[in-house]
Each structure stands twice: as structure tokens, then as C-alpha cells.
Amino acid sequence: MVEIIRAENYEELGRIAGEQILRQVEEKRDSVLGLATGGTPRGIYRYLAEKKPDLSRVRTVNLDEYLGLSGGDPRSYHYYMKEYVWEPLEIGRENRLIPDGLCPDAEEECRRYEEQIRVLGGIDLQLLGLGENGHIGFNEPGPAFVCDTHKVCLSPETRAANSRFFGSPEEVPRYALTMGIRTIMRARRILLVVSGGKKAKALQALMGGGVTPQIPVTILLLHPRVTVAADAAALGGKF
Ligand code: GLP
């Protein structure tokens, strides 16, 4: 079942999604939160930082990471997390999980990551952003869904879309590690946040009703508990 919540704008989206996360943590203090990076969730993390909730027992698990970037590189998702989530929200070091962008063996790192999530008891709430091409995490459009955490070759569209965080598309790493579709779908709840007109087409595909690996987000139609929080621009006049 997909529940849709409409936000007027980006700021309201941050508040609405932030409240959903706060409610989750109130219900279960030691929640495992699957977290996303990128521009859309920034407003949520800002809202949470203002609220200063007690997240001392929360464990965080990240969706993805670029291969080849160290955690100290400001363009890595590790760095993003430290800057906007782990430190401002005081998440203990022992409660932070993210794939290692400098791992010597990607396959081994993916296996290790899946196992770490399993040991945590799975993800209670998975926050997702949406790629312009319909990707979730870094699960790119393709002929089939990839189940587990894996190494992915980023599409030219994704590298172009993410080049705003780098100097140019060429500087965006070619490869990344990402949770797989099954890893994401095993989360007990999913919160997809969508902002801006550039995402309207991908969001429309989700609401259109058909599941296809060519638009990975459509898999969420098969999840029993999905909330989509989207702003007016992303909804494009719908709802
Ligand atoms: C990246 C991330 C995704 C994210 C997407 C959208 O590709 N790997 O997890 O959802 O960008 O990001 P933004 O919110 O910046 O548009």
C-alpha cells in the first residue's frame, strides 16, 4: 500500500518526513534507520537537528557509497553523513554503518554489508530519495532487479545529475556500492521523499501502477508499507 503525503514545498517536506522519523524513534528507541544522502534529505536532517531528539540508541545504515572515495573526501557519502547526520544528531560511532568506498574487494564488502544489516535485525524504516531516472539507492534502470548489495556502474544520466556535487560529470566516480532491491524491500517501512519537477516523471511512473526494472522505484508497489512524501513540484499538480 502506498500512502501519499503532499508537501507544499521543500521546507514542508523536510518537516513532514522528519516527523515520520521522529515518530518511528518514539515507537522504538533502538530503531534501525536506513538513511539516504543527496539534496532531498538535507531538509529532513536540518529539521531533526533543530528538534534535537534523543537518538542515542538508534542505529543508522546507509543506502550506498561511491567506490574510490575515502570517508574523508567531502564528496563521499561518508563525509555527508558525518557533516549532516552523525555529528549533528549525535549518532555514536558504533551505530554508523556505511559501505567502505575504499574497500579492496567490492564483492567481499557487499557480502559483509548484507551480513551487518542482518545482524542488526533488519531495517525498521528505510528513507529513500529518487533519482531522475527512477533509481533508488544506486539501483539503476536495467533489464532485471538486482537483489543484494552490489557494485554498480553508474549510468551517464546519474553521473550528470550528481555532477553538481563534483566539478563535472567526468569527476563523478564510475562505480558505487548500493543496497540491492531485496535489501531495500526487506525494510519494515519505507519513506520515499521526492522534491522538484525533475522527479515528476519518475514519481508518475510509480503512481501509474506497473512494476518494471527499467524504473526501479516501481518495485515499491509490492511493499506493504510505503509512504511517499512529495512536494507540489514533484507531484506536478496531482493530488
Ligand atoms: C543519488 C543517490 C540516491 C538519491 C539520488 C537523488 O544518486 N544515490 O540515493 O536518492 O541521488 O538525490 P537528490 O535528492 O540529490 O536529487
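In this text the structure is predicted, and so the values were computed from the model without any measurement.

## Points about the site of the ligand
Working step 1: Near the ligand, the surroundings consist of 14 residues, among which Gly 39, Thr 40, Asp 64, Arg 164 and Lys 199 are the closest.
Working step 2: The separation between an oxygen atom of the ligand and a polar main-chain atom of Leu 130 is 3.4 Å.
Working step 3: The separation between a nitrogen atom of the ligand and a polar main-chain atom of Gly 137 is 3.3 Å.

## As for the environment of Val 152
Working step 1: Among the structural elements, Val 152 can be located in strand β7 (residues 150-153).
Working step 2: On a C-alpha basis, the gap between Val 152 and Phe 138 in space is 7.2 Å, while along the polypeptide they are 14 residues apart.
Working step 3: Aside from chain neighbours lying at most four places away, what touches Val 152 is Phe 138, Glu 140, Arg 174, Tyr 175, Ala 176 and Thr 178.

## Thoughts on the pattern of salt bridges
In a structure, side chains of opposite charge can pair up when their charged atoms sit close to one another.
Working step 1: Within the structure shown, the criterion is met by ten salt bridges.
Working step 2: One salt bridge in this structure joins Lys 28 and Asp 124, with 2.9 Å as the shortest N-O distance. A residue pair is termed long-range when its members are at least 10 positions apart, and Lys 28 in the loop between α1 (10-27) and β2 (32-35) and Asp 124 in the loop between α4 (106-120) and β6 (125-128) qualify at 96 residues.
Working step 3: Overall, the relative accessible area of 30% leaves Lys 28 in the partly exposed class.
Working step 4: A residue is classified by how much of its surface remains accessible, and Asp 124, at 6% relative accessible area, is buried.
Working step 5: Put simply, Arg 112 and Glu 109 hold a salt bridge, and the shortest N to O gap is 2.7 Å. Pair noted here: Arg 112 and Glu 109 are both in helix α4, with a separation of three residues, about one helical turn.
Working step 6: Take Glu 109: its relative accessible area is 6%, and that puts it in the buried class.

Conventions used here
- Residues numbered from 1 in each chain as written.
- Predicted model: local features only at pLDDT ≥ 70, side-chain atom pairs only at ≥ 80, totals over all residues.
- Heavy atoms only, no water.
- Near = heavy atom within 4 Å.
- Polar contact = N/O pair within 3.5 Å; in protein donor to acceptor, adjacent residues only side chain to side chain.
- Helix = DSSP H or I, 4+ residues; strand = E, 2+ residues; numbered from the N terminus.
- Contact = heavy atoms within 4.5 Å.
- Salt bridge = Lys/Arg side-chain N within 4 Å of Asp/Glu carboxyl O.
- Buried < 20%, exposed > 50% of the residue type's maximum accessible area, 1.4 Å probe, protein only.

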